[in-house]
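# Breakdown of the fold
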Amino acid sequence: MNPGFYNTISTRFADWNYSHPYFLYAFIRAMKPAVVVECGLYRAFAACWMARALQENNTGKLVAIDNFSLKEHVERYGDPRKHAEDNLRACGVDGWVEIREGETNDENLWPESADVVYLDAWHSHDAAWFELDKAVQIGAKVIALDDTENCVGPRLLVDKTVNNYAPMESYQRLDLHSDNGLTIFVKKQPRRLITFSQELPYPNPGVDLRPLTPEQQAEHFKEASAITGLDYSSILNQTEHDQDV
């Protein structure tokens, strides 16, 4: 990690102590998304981490939607938009972020598609519901909602409303109880075929299953079963094997 970025963000947000942006950074580094959407830029702490992930991936952009109406820290930090822009610039990631000023329920501010959507704007149920529904519509593979432990709207949304929303059946759910709660919905993906086995005990180096015929794989798992006592029959339908047989 760039020490300059780390030192800068640690200094600028020394009084802003929560860990959720690190999870977002990790998802974006792993997924290498083309488009990320953030609803609720505020001081740009999460945006700096997400944009840093894009920068390290050397691909993608972050679209940040905010109306900059939250004024409770103006005396401390100054104009909300300028403060956010200054933080992004100081962290060296401003070129990876496109700020769109306005309400998150303005569909014209949303991109046509996105891979990752982070919801941390106004925390009423209806506002969060609009954003989540919009995220699904534009094809988000990951949807993260902040403050799902302590805020009525997001908590009600993830614990009740989504249960009656059919598209969410195609997502897996992860609840993080740190800070004020973060709920992450991840689009289910087809499982890949199994290519490797280490079921025979060490020091056996493991077996690449791909060059083996189904019969050879069956012999391998028969040998493994005699050692482990496990039934591998279901695995034989999930392996990659020699296509020439």
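Report on the accompanying structure. These numbers were taken from a predicted model, which means no experiment stands behind them.

Moving on, we come to the side chain of R100. Tracing the backbone shows R100 in strand 3 (residues 97-101). Note on R100: relative accessible area 16%, which makes it buried. Among the polar contacts listed, one links the side chain of R100 to the side chain of E98, at a separation of 2.8 Å.

Turning our eyes to something else, we now look at the packing of helix 6 (residues 125-137) against helix 7 (residues 152-159). Taken N-terminus to C-terminus, the directions of helix 6 and helix 7 make an angle of 50°; their axes are 7 Å apart at the nearest point. Our classification of the angle between helix 6 and helix 7 gives oblique. In the packing of helix 6 onto helix 7, the handedness of the crossing is right-handed. In contact with H125, A128, W129 and L132 of helix 6, helix 7 contributes G153, L156 and L157. Of the residues belonging to the contact of helix 6 with helix 7, the class tally is 5 nonpolar, 2 polar and no charged.

Let us now look at the pairing of strand 7 (residues 182-187). Two elements, strand 5 (residues 142-146) and strand 7, share 5 bridges in a ladder whose sense is antiparallel. Each residue of the ladder has a partner; that of I143, found in strand 7, is F185. Pairing analysis gives 6 bridges linking strand 6 (residues 171-176) to strand 7, with the strands arranged antiparallel. Counterpart to L176 in the pairing with strand 7 is L182. Here strand 6 hands over to strand 7 after 5 residues, with D179 in that stretch at a positive phi of 50°.

What counts and what doesn't
Residues numbered from 1 in each chain as written. Predicted model: local features only at pLDDT ≥ 70, side-chain atom pairs only at ≥ 80, totals over all residues. Heavy atoms only, no water. Helix = DSSP H or I, 4+ residues; strand = E, 2+ residues; numbered from the N terminus. Buried < 20%, exposed > 50% of the residue type's maximum accessible area, 1.4 Å probe, protein only. Polar contact = N/O pair within 3.5 Å; in protein donor to acceptor, adjacent residues only side chain to side chain. Axes fitted to C-alpha atoms, helices over the stretch in contact; angles between N-to-C directions. Parallel < 35°, antiparallel > 145°, perpendicular 65-115°, else oblique. Left-handed = near helix turned anticlockwise from the far one by under 90°. Contact = heavy atoms within 4.5 Å. Nonpolar A, V, L, I, M, F, W, Y, C, P; charged D, E, K, R; others polar. Pairing = 2+ DSSP bridges.

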